[in-house]
Amino acid sequence: MILRFLAKRLPLSLITLLILSIAVFLGGQLLPGDVGRAVLGPLADPRAVAHFNHEMGIDRPLILQYGSWISRFLVGNMGVSYTFRTPVAPFIADALVNSLKLAAMAFVLVVPLGILGGVWAALRVGTWTDRAITLLGQSLGVVPEFISSIVLILIFGVWLRWLPMSADWPDDSGALTQIYYLFLPSLPLVLIFFGYIARVARAGTVEALDADYTRTAVLKGLSWGIVLRRHVLRNALLPTITVIASLIGYLAGGLVIVETLFHYRGIGSLIYSAAKAKDFPMLEAAVLTVGAIYAVASLAADLLNALLNPRLRAGGGA
Amino acid sequence: MTTVLAPPRRLRSERTRRAARSATLLVGLAILGFWVLCAVFGSRIAPIDPYADNLLATLEPPSWVHWFGTDQLGRDVFSRVIVGARDILTVAPLATLLGTLLGTALGLFVGYHRGAVDDLVSRIIEALQALPLVIVALMALAAVGTSNLAVVMVIGFVFTPLIARTVRSAVLIESSLDYVAAARLRGDGALDVMFVEILPNVLPLIVVEATVRFGYAIFFVASLSFLGFGIQPPSADWGIAIAENYSLIGSYWWTVIFDAIATASLVVGVYLAADGIQSVLRE
């Protein structure tokens, strides 16, 4: 059953990735025009520009360039950085590990908070508590990360002096020190995501509370705690899983801002500095990596959803 | 005759009344209206020339002369915050307009004709969703170079398939209704059916979609300007001001906090207005 689901879902992910890779490739190779000129500057010798373009393989037909680029990419050879003149892959790997730490920190905080907030609002649906949680969550969700970061830095870094203002921890820091340094940078992401998660958790809980199976469970005399745990939450939190996975894709955009602001060497600040320096191989590799992670995450979410949802499991429909 | 005309008129006045009662809509419109006034008349409202350097009065804390203090070049922060509304309130609406026009046309087309184009657009939308807008924009702007026009184009083009998807699903529903079949039987051309018959019926939905997108556009223009890929200096734009001054935040908080509050108020205002419009238009 799961295999059949995978067989249907996997080709879609692959097509998405193919389109994405073509778009990223065209964005990096076609739009910039003369890359050698852009990298070396307007005053550079035309011969130096031509030499640079030849050395980087930019003077060949596009389809050949794409073919060699994507086939090398698939075996882990992501090209050579224009800026550093060394392979791109190690930069991506280091940045991913760092971003993963920051993202994990944010998710560990926001997932329980968001679910708690959403379920709490749902249990008091229509009251001021409900409205306050919903409005607060959604208002916070529309404020750009650099604004909330600035305010948080001012409060916790400058005025209260509780937390370091940069995520750049000392070299030989242990796990606890790293967590301490990551706490403030993770908060802007928490603020952005709280509203989304709370909204979905609230909607799911409201629906489940209203469902016939909940009424049956209450009427057959189960205690409220058991009804909540076994019947309401189990059904309510399914859609939340899908939303969390879709946030992983959005997360990368937030990371660009937050990592740049907090001087943190992750995939977001890597994309930012590569875009600044017009280092297209680095940019393409980083962007495609982000896209691939999103594709895997959404595939995993769909799979998890299918595994957990008895209706999908039995019906076989996707 | 009157009986035929009565329902729409009653509907409209009912909508107006509902709009007047909606607190979120009014608060949102008030905030947005305030910033639009600043954007249009900013240079006349500002008490001090927002672009004038004064190297004898740099980084002064808020005072009676400089309500929000001065920045590194001695420019009056209060005046700059007021004038700073102009560029973001030019770029973001234009980007939204571009995306809405193209997205509506595309959505009508693929929703009405379906077929291969429909499939292709759906796939492209899915691929686009794999990347956050900030990253798509960074990549495109790094490639074509940064200018206000480039920002409008990039955000407009990214919005196009997203808006097209919403329009498409509404057009699919409308296409199956009798009035569309009647128009076709009457011998109306495809363009007539799409733009004269279907478009007026999906217009409320397009308005809602556009206001929601406008909120996103503000968000992204502000973020891109902060990153140096959006509006460019010497504009008094809030994002630029924050980027220029946030390294000073430890000692000179007034150089960033007012711009931050201004940005936050604008995005929340637009969000409330969009939310209000949505609940008014959806019966």
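Remember, predicted model here, so these are calculated numbers, not experimental data.

Q: Pulling in residues and values, what's your account of the overall build of chain A?
A: When its secondary structure is counted, chain A shows 14 helices and zero strands. In sequence order, chain A lays out its α and β elements as α-α-α-α-α-α-α-α-α-α-α-α-α-α. Along the first, second and third principal axes, the C-alpha set of chain A runs to 85 × 55 × 35 Å.

Q: Summarise the overall build of chain B; cite the residues concerned and give the values.
A: Helices and strands together make up the secondary structure of chain B, namely eleven helices and zero strands. Ordering the α and β elements of chain B from the N terminus gives α-α-α-α-α-α-α-α-α-α-α. Seen through its principal axes, chain B has C-alpha atoms that stretch 75 × 50 × 25 Å. The 283 residues of chain B split such that 48% are buried. Restricting to contacts in chain B with at least 6 residues of sequence separation, those with at least 24 account for 73%.

Q: Which residues make up the nonpolar core, and what values go with them?
A: Judged by nonpolar contacts, the single largest core of 171 residues is most densely connected at Ile271(A), Ala286(A), Ile135(B), Ala137(B), Leu138(B), Ile218(B) and Val221(B). Those residues within four positions of Val221(B) in sequence are excluded, and the remaining contacts are Ile88(B), Val91(B), Ala92(B), Val151(B), Gly230(B) and Ile231(B).

Q: Account for the interface of chain B and chain A, with residues named and values stated.
A: Counting residues at the interface gives 36 residues for chain B, matched by 37 residues for chain A. Counting residues per element, the ones that place at least two in the side of chain B that touches chain A are helix 5 (115–129), helix 6 (133–144), helix 9 (190–227) and helix 11 (254–281) of chain B. Per-element accounting of the side of chain B that touches chain A gives the leading share, nine residues, to helix 6 of chain B. Residues of the side of chain B that touches chain A, tallied by class, amount to 29 nonpolar, five polar and two charged.

Q: For the packing of helix 10 (residues 238–245) of chain B against helix 11 of chain B, give the residues involved together with the corresponding values.
A: Two quantities define a packed helix pair, namely the angle between the axes and the distance from one axis to the other. Residues and elements named next belong to chain B. Relative orientation of the contacting elements helix 10 and helix 11 amounts to 150°, with a least axis distance of 9 Å. Judged on the interaxial angle alone, helix 11 and helix 10 are roughly antiparallel. The interaxial crossing formed by helix 10 with helix 11 has left-handed handedness. Contact with helix 10, carried on its side by Trp 238, Gly 239, Ala 241, Ile 242 and Asn 245, involves Thr 255, Val 256, Asp 259, Ala 260, Ala 262 and Thr 263 of helix 11 and no other residues of that element.

Q: If you had to explain the environment of Ser279(B) to someone new, which residues and values would you point to?
A: Residue and element names in this part refer to chain B. Mapped onto the elements, Ser 279 comes out in helix 11. The exposure class assigned to Ser 279 is partly exposed, which follows from the 15 C-beta atoms found within 10 Å. For the pair formed by Ser 279 and Ile 124, sequence separation is 155 residues and the distance between their alpha carbons is 30 Å.

Q: Give me the lowdown on unusual backbone geometry, citing residues and values where you can.
A: Along the chain, Pro233(B) connects to Pro234(B) via a cis peptide bond; the corresponding omega equals 10°. Of note, Pro234(B) is situated in the loop between helix 9 and helix 10. In the Ramachandran plot, Arg85(A) falls in the positive-phi region, its phi being about 55° despite a non-glycine side chain. If you trace the backbone, Arg85(A) turns up in the loop between helix 4 (62–74) and helix 5 (89–123). For Arg85(A), a count of 8 C-beta atoms within 10 Å gives the class exposed. The backbone of Arg161(A) shows a phi angle near 55°, a positive value even though the residue is not glycine. Mapped onto the secondary structure, Arg161(A) falls in the loop between helix 7 (145–159) and helix 8 (175–210). Judged by C-beta crowding, with 9 C-beta atoms within 10 Å, Arg161(A) ranks as exposed.

Q: Provide a residue-level description of the environment of Pro112(A), including the pertinent values.
A: Residues and elements named next belong to chain A. Within the secondary structure, Pro 112 sits in helix 5. Exposure remark for Pro 112: the 11 C-beta atoms within 10 Å place this residue in the exposed category. Taking C-alpha positions, Pro 112 is 11 Å from Phe 193, a pair spaced 81 residues apart along the chain.

Q: Residues and numbers for the confidence of the model for chain B, please.
A: Residue and element names in this part refer to chain B. Looking at chain B, the pLDDT average stands at 87 and 94% of residues meet or exceed 70. Ranking the elements of chain B by mean pLDDT puts helix 1 (residues 2–21) last with 60 and helix 4 (residues 85–113) first with 94. Across the predicted assembly, pTM comes out at 0.87 and ipTM at 0.84.

Criteria and cut-off values
Residues numbered from 1 in each chain as written. Chains lettered and ligands numbered in written order. Predicted model: local features only at pLDDT ≥ 70, side-chain atom pairs only at ≥ 80, totals over all residues. Helix = DSSP H or I, 4+ residues; strand = E, 2+ residues; numbered from the N terminus. Buried ≥ 20, exposed ≤ 12 C-beta atoms within 10 Å, placed from the backbone. Contact = placed C-beta atoms within 7 Å. Core = buried A, V, L, I, M, F, W, Y, C linked by C-beta atoms within 7 Å. Nonpolar A, V, L, I, M, F, W, Y, C, P; charged D, E, K, R; others polar. Axes fitted to C-alpha atoms, helices over the stretch in contact; angles between N-to-C directions. Parallel < 35°, antiparallel > 145°, perpendicular 65-115°, else oblique. Left-handed = near helix turned anticlockwise from the far one by under 90°. pLDDT = per-residue confidence, 0-100.

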